[in-house]
Amino acid sequence: MTRPRSKNRALFFLFVAAFVVLVLYLLHTFEGSLKDTFLHGTYSSPAAEAQAGESFRMVMNIVRLVLWMSLAIVVVRALASLIFGTIFRRRRGYEAPSLIRNIFSIVAYIASFVIIFKQFYPEVGLGALFTTSAVLGAIIGLALQDTLGNFFAGISLHADKPFQVGDVVTVGTRTGVVESITWRAVKIRTFANHIVLASHSSVSKEAIEVCPRDNLNARLVYFNTLYTDSPAKTIHIVREAVREADNVSPKITPIVRIRNLGESGLEWEVKYWPIDYAKYNDTDALVRQRVWYAFRRAGIEFAFPTRTLHVERKSKADAAQTDGSGFIERLSAVDIFAPLSTEETARLAGASISHIFAPGETVIRAGDEGASMFVVHSGRVSVQLSDNGKPRTVAVLNEGDFFGEMALFTGEPRAANVVAVEETEVLEIGHQAMKHLFDTNPDLVDSLSHIIAERRVGLTAKPQSAENGEVESEGIISAIKRFFGFD
Ligand code: CMP
């Protein structure tokens, strides 16, 4: 929009300049005839005629001076439009600040006026003019102290270049987009579409926050969730919801993180990078909206100031049976517990404790002592050995698989690390609960010992003959019996 306008303006000024040149040329060509026209007639004396001729010359000089000065004005304006409106904009991509434009124009006007004036009146000393005007200047300077202060603050601000047209700035309590930089003030359009004129001297005194328009500036949006909602799930849901919103830069993945463990819930922040920072208000609102919809779909709840009162009346076993957590179903689907009666499974579910682990968290550490085993209720874990300090995955266990039985049944230290691959819920079953089961289900020892023998093979990764496997199982059976005090 502005580019053709400044180009047209430059063309218009050049056209006017051509017109003035033509008038000057005509004046020069027809000066003789003009003189004859104006001075014809009779004069009382030759002195009167000479006087009239001198007057004519003076008038012509003034007319020419005015024409030349007009020409200078028009040329300077044409040049300013061309340099700052067209060339500057094409090179830099934004309009030149009017402060620079004004300084250029003032210097160019003064220089051309002095040169033209000297051509017409070489005998007049301009030095004297400046000396006399120095006193006047001091008086005007005192009167315009504030204005001049702003002017010079503007020049120093300009040399510094802390911001430019189009940047989002916060000066004091006002935030908005820099619309122009005049010789006196910075014009800021706030997000309420108000214009704020911040004088250069006040801007140079304050701390200014600048978000350059050609830079990816980050935004933070806050929200809260209930403690019962899983952090890993929330991170995933919010990240996906935000990265798809309009004006969110695809160059950097939004960061979702817990800011604080607050009174009413988890306090979160999501950091994203708007493509056009000047539209951050709309984008923040859109981000909040997207998070709301994503939460609705995923069943995640926003936290608001609440107090949760927990009243525990049931025994754990009853609770597990009726609270819909699915522990009984989970345990009854585990191979080794298949022979158990419904009551035994329910009792086992009641005695088991649920734990939740974030992706990457260690559930079991190799070498630790262990007095319990675990069943994967949801998620996945990987069984890892350390090879020269680097983890090597031996097996991945899914929902319904169990681990930790080796240390529990043999009393040996944990044979491997077990790490959650994704968010994982495990049910922990202690030594005492298993001891009860062995009393009523002696076959359990057999099936467990076979599994332990197989897993040991997996750990050493050495091929083993069927015969060796049998010998190993026998050894494990007697180790289990000894450990549980059956022998
Ligand atoms: P524990 O030794 O108590 O702790 C580490 C656990 O990793 C171990 O019990 C087993 O439950 C499990 N584990 C070890 N080796 C394997 C394997 N090869 N396959 C599956 N699970 C294993």
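Shown above is the structure to which this text applies.
Within each chain, residues carry numbers counting from 1 in the order of the written sequence. Only residues with pLDDT of 70 or above have their local features reported here, since the model is predicted, and side-chain atom pairs are shown and tallied only from 80 upward, although totals for entire chains, interfaces and linings are computed over all residues. Note that the side-chain values use all heavy atoms of the structure and ignore hydrogens as well as water.

Trainee: Help me out: how do you make sense of the site of the ligand in this one?
Mentor: Around the ligand, the surrounding shell holds 16 residues, and the nearest of these are Gly404, Glu405, Ala407, Arg414 and Ala415. Any pair of N or O atoms that falls within 3.5 Å is considered a polar contact. Within protein, one atom must be able to donate a hydrogen and the other to accept it, and sequence-neighbouring residues count only if both atoms are side-chain atoms. In this structure, an oxygen atom belonging to the ligand sits 2.7 Å away from a main-chain N or O atom of glycine 404. The backbone of alanine 407 places a nitrogen or oxygen atom 2.9 Å from an oxygen atom of the ligand. What sets the accessible areas is the Shrake-Rupley method with a 1.4 Å probe; for residues, cover comes only from the shown protein chains. Out of a free accessible area of 460 Å², the ligand has 96% covered by protein chains. When residue character is reported, Ala, Val, Leu, Ile, Met, Phe, Trp, Tyr, Cys and Pro are called nonpolar, Asp, Glu, Lys and Arg charged, and the others, Gly included, polar. Residues belonging to the shell around the ligand are distributed by class as follows: 11 nonpolar, two polar and three charged. Definition of nearness: a residue and a molecule or strand are near each other if at least one heavy atom of the residue lies within 4 Å of the molecule or strand.

Trainee: I would appreciate a short explanation of the packing of helix H8 (residues 231-243) against helix H9 (residues 280-298) in the present structure.
Mentor: In a packed pair of helices, the relevant descriptors are the angle between the two axes and the axis-to-axis distance. At a minimum axis separation of 9 Å, H8 and H9 run at an interaxial angle of 135°. The angle between H8 and H9 places the two elements in the oblique class. The handedness of the crossing between H8 and H9 is right-handed. Each of Lys233, Thr234, Ile237, Val238, Ala241 and Val242 in H8 lies in contact with H9, whose residues at this interface are Val287, Arg290, Val291, Ala294, Phe295 and Ala298. Whenever a helix is involved, its axis is fitted only over the stretch in contact; in every case the axis is a line through C-alpha atoms, and angles between N-to-C directions fall within 0 to 180 degrees. Strands are runs of DSSP state E lasting at least 2 residues, helices are runs of H or I lasting at least 4, and numbering of each runs from the N terminus. The labels follow the angle: roughly parallel below 35 degrees, roughly antiparallel above 145, roughly perpendicular from 65 to 115, and oblique for the rest. Handedness of a helix crossing follows the sense of rotation of the near helix relative to the far helix, less than a right angle counterclockwise being left-handed and clockwise being right-handed. Two residues qualify as a contact provided that any one of their heavy atoms is within 4.5 Å of a heavy atom in the partner residue.

Trainee: I would appreciate a short explanation of the packing of aromatic side chains in the present structure.
Mentor: The description of an aromatic ring pair uses the distance of the two centres, along with the angle that the planes make with each other. Aromatic rings from Phe, Tyr and Trp, with only the six-membered ring used for Trp, were paired whenever their centres fell within 6.5 Å, and each pair was classed as stacked if the ring planes differed by under 30 degrees, edge-to-face if by over 60, and tilted otherwise. Across all of its chains, the model carries 11 aromatic pairs by this definition. Aromatic side chains tyrosine 109 and phenylalanine 113 sit 6.2 Å apart centroid to centroid with 20° between the ring planes, which places their arrangement in the stacked category. Of this pair, tyrosine 109 and phenylalanine 113 both sit in helix H4 (residues 98-120), four residues apart, which is roughly one turn of that helix. For every residue, the accessible area (1.4 Å probe, protein chains only) is compared with the maximum for its type, and the residue is labelled buried under 20%, exposed over 50%, or partly exposed between those bounds. For phenylalanine 113, a relative accessible area of 27% gives the class partly exposed. Through successive ring pairs, a cluster of aromatic residues spans Phe223, Trp268, Phe295 and Phe302.

Distances and angles like these do not, on their own, reveal function.
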